[in-house]
Amino acid sequence: DVKVTQSSRYLVKRTGEKVFLECVQDMDHENMFWYRQDPGLGLRLIYFSYDVKMKEKGDIPEGYSVSREKKERFSLILESASTNQTSMYLCASSDLTDLYEQYFGPGTRLTVT
Amino acid sequence: AQSVTQLDSHVSVSEGTPVLLRCNYSSSYSPSLFWYVQHPNKGLQLLLKYTSAATLVKGINGFEAEFKKSETSFHLTKPSAHMSDAAEYFCVVRDMNRDDKIIFGKGTRLHILP
């Protein structure tokens, strides 16, 4: 069974802290994605990666960076957290042959105070 | 640029009655369209997808959607709602103009009344 896991379900951080959100998939998928989900705005793509050490900016990359050192793991980094980064963060993965059928993790609800 | 519009942010139906969740898209190409569902405290799950084969697409849990090019619509339907269908539903379009990224609609929350 396909599985995408995220390191935390809930996270509370202070303004200015460096925050790491981890995502691991066990399906040997090439593509991995980070989205943020906000009420009334749907999902917005932050970054995606189509291979180890490769990354592409999505729609809202400002204030974020990513790391993909291993195929199964994709990390989202908030260099200096701000209150406007309080949100639900969703990780997803997909196979090389079907980019659009994405498998999602349960999400991390991040609160920045 | 391609876009997707979900016409209702909330829909309420009684258990056992039909469900209709509306989605319109704009596209200069033949689009690929998807519906995803998100149950409370869960990740998104693919319900169904249209990729230029049959215009009526059947998905999981009894849902189906019909691609209507003349109306630029891809509405999601189910003949009889079940309490377990309460969730948020997202219509998604593949954007061939933007490096093949996918664009999510803003979501429709489906409420099932007993």
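The structure under discussion appears in the preceding block.
Notes on the structure in this doc start here.

Quick look at the packing of aromatic side chains
Taken as a whole and assessed by the stated rule, the structure comprises 13 aromatic pairs over all chains. One aromatic cluster is present, formed by A:Phe33, A:Tyr35, A:Phe48, A:Phe104, B:Tyr36, B:Phe90 and B:Phe104 through successive ring pairs.

Observations regarding the pairing of strand E8 (residues 73-78) of chain A
Residue and element names in this part refer to chain A. Burial analysis of E8 places five of its six residues in the buried class, which makes it a mostly covered element. As defined by bridge partners, strand E3 (residues 19-25) adjoins E8 across six bridges and the pair is classed as antiparallel. Along E8, the bridge assignment pairs Phe20 with Ile77. Direction of pairing for strand E7 (residues 64-70) relative to E8: antiparallel, over a ladder of five bridges. Note on E8: the bridge partner recorded for Lys70 is Arg73. Where E7 folds back on E8, the antiparallel hairpin that results is connected by two residues.

What counts and what doesn't
- Residues numbered from 1 in each chain as written.
- Chains lettered and ligands numbered in written order.
- Predicted model: local features only at pLDDT ≥ 70, side-chain atom pairs only at ≥ 80, totals over all residues.
- Heavy atoms only, no water.
- Phe/Tyr/Trp six-rings, centres within 6.5 Å; stacked < 30°, edge-to-face > 60°.
- Buried < 20%, exposed > 50% of the residue type's maximum accessible area, 1.4 Å probe, protein only.
- Helix = DSSP H or I, 4+ residues; strand = E, 2+ residues; numbered from the N terminus.
- Pairing = 2+ DSSP bridges.

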